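So the chains spell out like this:
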Amino acid sequence: MAPSLELAGLSIRAGGLGYRQVVSFSLNPLILPQALLPGYWQNPFSEYVGFVGVTGLLLAILGAVTHWRHPQTGFFVVLAGAGLLLAFGGYTPLYIFGYALVPGFGLFRVPARWLYLYTFGVAMLAGLGLDWIQRRNSATGASMARQF
């Protein structure tokens, strides 16, 4: 971490970037279906891809619905939502507040890279959905075995 901080102070971005530079490569909301499900349409530029697959999305929805009382579920839902919202960059009026108020926010370009947070949050929710399916199947199998 210390070498990164030292490098940041010596780089051409030490003073930060202008807002137009920071929001370059923002994810256009009009290509959101292509970004989340590439290959079903034309593939977008790789920076705009947040792919977890149809099965992953369905498992994530199942995980969010079945585990909604668990604190980690809310965290992953917020993480995925925040990542998606931040990926829109200049297409959302909230991004300029981050640029103006959050230290270091003006050092980075390509807001679409926030899709990594979205992808991680959705993947964790998909894991919770799969966990629910496995527990249900093992409970059903155990109750059927007790009947015989």
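Refer to the structure presented above.
Procedures and definitions
- Residues numbered from 1 in each chain as written.
- Predicted model: local features only at pLDDT ≥ 70, side-chain atom pairs only at ≥ 80, totals over all residues.
- Heavy atoms only, no water.
- Phe/Tyr/Trp six-rings, centres within 6.5 Å; stacked < 30°, edge-to-face > 60°.
- Helix = DSSP H or I, 4+ residues; strand = E, 2+ residues; numbered from the N terminus.
- Buried < 20%, exposed > 50% of the residue type's maximum accessible area, 1.4 Å probe, protein only.
- Polar contact = N/O pair within 3.5 Å; in protein donor to acceptor, adjacent residues only side chain to side chain.
- Contact = heavy atoms within 4.5 Å.

How should I be thinking about the packing of aromatic side chains in this particular structure?
When we look at a pair of aromatic rings, we describe it by the centre distance and by the angle of the planes. By the definition in use, this model includes three aromatic pairs. When the ring of Y19 is compared with that of Y99, the centres are 5.3 Å apart and the planes differ by 65 degrees; the resulting orientation is edge-to-face. Of this pair, Y19 sits in helix α2 (residues 19–22) while Y99 sits in helix α6 (residues 95–101); the two residues are 80 residues apart in sequence, bridging distant segments of the chain. We classify Y19 as partly exposed; its relative accessible area is 24%. Owing to a relative accessible area of 26%, Y99 belongs among the partly exposed residues under this scheme.

Help me understand the side chain of S26, please; the structure alone is not making it clear to me.
Structurally, S26 can be placed in the loop between α2 and α3 (32–36). Residue S26 is classed as buried on the basis of its relative accessible area of 7%. Among the polar contacts made by the side chain of S26, one reaches the main-chain carbonyl oxygen of V23 at a distance of 2.5 Å. At 2.9 Å, the side chain of S26 and the backbone nitrogen of G90 are in polar contact. If we ignore the near neighbours within four places in the chain, the residues touching S26 are Y48, A87, F88, G89, G90, Y91 and P111.

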